[in-house]
Each structure stands twice: as C-alpha cells, then as structure tokens.
Amino acid sequence: MAAVLDQLNGFLWNEKWWLGDDAKWEDFIPSDPTLYYPRVSDMNWSIVVGLALMIVRYFYESIFIVPLANALGVYERKQRHLVPSVPLETAYKKNKGRVPHTEVEKLVKQTDMTERQIQRWLFRRKMQSHPSAMYKFKECSWHLLVYTFTFTFGMWALWDKSWLWVTVNCWINWPKQHIDFDIYLFYMVELAFYWSLLFAIVFSKDYQKKDKKEMVLHHLVTITLIYFSWACNFVRVGTLVLVVHDVADPWMAIAKMAKYSKYQTVCEAFFAVFTIVWIVSRCFVYPMWVLNASAVEIHDYVTTFPAYWFFNGLLIVLQVLHIMWTYLILRVAFQKFQTGTLQKDERSESEDEADLTSTEEEENTPADKKPVANGDVPNNPRSRSAQIAK
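Cut-off values and rules
- Residues numbered from 1 in each chain as written.
- Predicted model: local features only at pLDDT ≥ 70, side-chain atom pairs only at ≥ 80, totals over all residues.
- Heavy atoms only, no water.
- Helix = DSSP H or I, 4+ residues; strand = E, 2+ residues; numbered from the N terminus.
- Buried < 20%, exposed > 50% of the residue type's maximum accessible area, 1.4 Å probe, protein only.
- Contact = heavy atoms within 4.5 Å.
- Phe/Tyr/Trp six-rings, centres within 6.5 Å; stacked < 30°, edge-to-face > 60°.
- Salt bridge = Lys/Arg side-chain N within 4 Å of Asp/Glu carboxyl O.
- Patch = residues over 30% accessible without salt bridge, like charges linked within 9 Å, V, L, I, M, F, W, Y side chains within 5 Å.
- Areas by Shrake-Rupley, 256 points an atom, 1.4 Å probe, with all protein chains shown as cover.
- Core = buried A, V, L, I, M, F, W, Y, C linked by side-chain atoms within 4.5 Å.
- Expected span 1.5 Å × (residues − 1).

Caption draft 1: View of the overall build of the protein. Of the regular secondary structure elements, the protein holds 17 helices and 0 strands. Scored against the burial criterion, the 390 residues of the protein give a buried share of 43%.

Caption draft 2: Main features of the environment of A253. Mapped onto the elements, A253 comes out in helix α13 (residues 249-260). Classification of A253 by relative accessible area gives buried; the value is 4%. Each C-alpha atom, one on A253 and one on L145, is 9.3 Å from the other, the two residues being 108 residues apart in sequence. Not counting residues within four places of it along the chain, the set of residues in contact with A253 comprises C140 and L144.

Caption draft 3: Examining the packing of aromatic side chains more closely. Across all of its chains, the model carries 34 aromatic pairs by this definition. Their ring planes at 25° and their centres at 5.0 Å tell us that W13 and W18 sit as a pair that is stacked. Geometrically, the ring pair formed by W17 and W18 is edge-to-face, given 5.3 Å between the ring centres and 75° between the ring planes. Taking relative accessible area as the criterion, W17 reaches 35% and is therefore assigned partly exposed. W18 gets classed as buried once you look at its relative accessible area, which sits at 12%. Taken together, the ring pairs in this structure connect W13, W17, W18, W25, F28, W171, W174, F228, F234, F305, F310 and F311 into an aromatic cluster.

Caption draft 4: Summary view of the pattern of salt bridges. Scanning the model with the defined rule gives 7 salt bridges in all. The residue R39 makes a salt bridge to D42 at a minimum N-O spacing of 3.0 Å. Residue R39 is classed as partly exposed on the basis of its relative accessible area, which comes to 41%. Its salt-bridge partner being D182, residue K161 comes within 3.0 Å of it at the nearest N-O pair. Here K161, found in the loop between α8 (133-158) and α9 (162-165), pairs with D182, found in helix α10 (residues 181-203); they are 21 residues apart in sequence, far enough to count as distant. Judged by its relative accessible area of 6%, K161 is buried. Residue D182 is classed as buried on the basis of its relative accessible area of 16%. Several salt bridges converge on common partners, so that one network encompasses D160, K161, D180 and D182.

Caption draft 5: Structural detail: unusual backbone geometry. In this model, W174 is joined to P175 through a cis peptide bond whose omega is 5°. Assignment of secondary structure puts P175 in the loop between α9 and α10. Even without being a glycine, N173 presents a positive backbone phi close to 70°. You can see N173 is positioned in the loop between α9 and α10. The class for N173 is exposed, based on a relative accessible area of 58%. Despite not being glycine, K262 has its phi angle at roughly 65°, a positive value. Turning to its location among the elements, K262 is positioned in the loop between α13 and α14 (264-295).

Caption draft 6: Seen up close, a nonpolar patch on the surface. Where nonpolar side chains cluster on the molecular surface, the patch consists of I55, Y58, F59, I63 and F64 and spans about 580 Å² of accessible area. Summarising the element assignment, I55 is placed in helix α4 (residues 45-71). Classification of I55 as exposed rests on a relative accessible area of 51%.

Caption draft 7: Up close: the nonpolar core. M43, W171, F193, W230 and F234 are the most contacted members of the largest nonpolar core, which totals 69 residues. Of the residues forming this core, the biggest block, 13 residues, is contributed by α10. Other than its neighbours up to four places away in sequence, F234 contacts W171, W174, Y187, S229, F305, Y308 and F311.

Caption draft 8: Inspection of helix α12 (residues 235-246) at higher detail. Its 12 residues give α12 an end-to-end C-alpha distance of 16 Å, which sits within 8% of 16 Å, the value for a rise of 1.5 Å per residue. Along α12, the positions that sit buried rather than exposed are V235, R236, V237, G238, T239, L240, V241, L242, V243, V244, H245 and D246.

What follows is the structure, encoded as structure tokens:
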C-alpha cells in the first residue's frame, strides 16, 4: 500500500511537469534556516482561517451591518407562509419560475385554488428563491470590508518588494526565492477568503442566488490557481495578480449598497469610480504589467515547462474575461446616458430581478397605501359609489 501511495505521489508531483529542467523540489528546502520557501502543506491552514472568517462575517453583519442597513432604509424581507403543494412546486421547477397561463389553468383543475391564489403562490415561491435587498446589502458589505483590507494590506506588503517596481524580479533566481512573512500572510488571507465564500455557498441554507453552480466553480478555480502559484513558487507574480484584482471590487460593493439603500446618486457616483478603476486596472495595468511579466519577461530567466503554460494560459483567459466584463460594464454605463439612471449590473443580476423587487415592495405595502392603476378601484364603498355615479 505504501508503494502505491509513493507512486501516486510521484505522479501527482512530477518534477518535469511542475518545475521543468531548471529546478527540483529539493530547491524548496532552504540552506539558510532563517529563510522560508513556500510549502503547500503550510497553505492548508487557509481552510481553518476560512472557517474563522465565516464566524467573523456572522458577527460583523449582525452587530454592524444590519443596524446600518436599517438606518439606511433596508429591512429584512417579511417571510410569508407558503402552503406546500406538489403540483405547484412541480410546475414551478419545470418552467423555472415562469409558469405560462395555460399551465396555470391546468393547475386550477388539479388543486382547490383559484387562478389568483395560484399566481400569488408562484410569486411568493419566486421570492423565496431570490436574494432580498438585505441579503445583498450584507454580502456587499462583507466584500467591501475584505477587498479593502486585502488590497491595502497587499500594497503595504509589496511596497518594499523589488518585483512591484521592476517585474523582471519575479523570475530572477527562480525558484530559489524566499517568502517573507507578510507575503505569506497576504496569500493566506486571500486564499482563506475564497474558502469562506465557497463554504458560505455549499454549507449555508441562506444562499439564495440562482448562479450557485457558477459561483462554486469560480471559487474552486480561484482556490486552485492560488494553490498552484504557491506550489510552483510563482508567488511574486501571483501577488501582482491579486492586488490588481482587488483594487476595483470595493467601489462596486459601495455602489451596490447605495443601490439597495435607494441612494441612486451615490450609487451612480461610485459606479463611475468603479468603471474607471476597473478599466485602468483590468484593461491596462493587468496586461501591460502582469501579463507582460508572465508571458514575455519570464523567457529571459526561466525555461518554460507544462505547468507554466497551464498557469499562463489561465491568466490569458482571465484577460479575455476582463474584456467581456468591460463590455457589459460599459453597457450599464451607457444606460445612464440613455435613460438617465443606472438599471442594473449585467454581470450579476437576473433578468427579472427589477420586476421582482418592485412586486416585492408592493407585496409588503399595506393595502390602503397601494397605488391605483389601470382603472382599478380600491375596495372602498365610497370609491365604488363614486364610480357608479360616474
């Protein structure tokens, strides 16, 4: 059994694939005991830190964010009782929440409910599957806190590092590049944050977004890339990738929090800042600074190998995604000039979210305060008399 495990371990950590001809795993064992080289086993502590971050997030949101949201006019959605119904649930899932009228007519015959009651049931069922404004406000506040911290701490840790200013230093003397404690801590926090996001989706019953599978895949890929760069000691270029991607996210988080709080002007101002920071960081700094280092400068110092091509290929794919997301962001920005207001973030919001939100507000509005539309008359005797008199 031990021999089989040794063979499997040798296959998984094949030096030719991971390091090529220029390095061996022995190079990651420093001759100077005061120096530290990356070890994959040390980064496994990020799982524990990720669980701790979930606890921190819970108390942070409960103590600080919920009162702040309430002060800004954001409240938790009222939970409406939903009577279980197998036919209605089946129809809802079959049509992905968009049950046609012909199907509703069939459901009237299958149940003892009226058409209006069925439509109300379907609406409340849809509300349960969509995140409330409070849920999204708390999520954005957590992203704002973490991304602001990681970018600030990352820049502080990198400020005196040679590769921040001269990117060829990412490859000089590779792989014998020791890791300072502040860089190790930066990597640990970044990886732990994505572990916490993954845990929040997989283990939390409160996760309400319908892109669950996509987000799980995104977080798994991110975690794999961070582990990958640590295992190959591509840590220097990895730190550059992380700070470039952290700089724009806090501005989007603030813009969304303002949107959920119905401070439209504040939302648009921060969205404008986000757009500028995004374009500068993702469309100029990333390709001209990070990709140039990983795709061009490396060849003067390192003989490339399979793991490098895998890593660099993903960085290039990431740039393609940046261009696609930039297009979507600019579409949202152009909505401001066309309609006079920002409609939605097309990267993350669902198509019917705006309609659902407006209907949800109507659902939670007292009957005597709901507006009259399309010639409808409120259920009021005096109003009915006035209508008859007309």
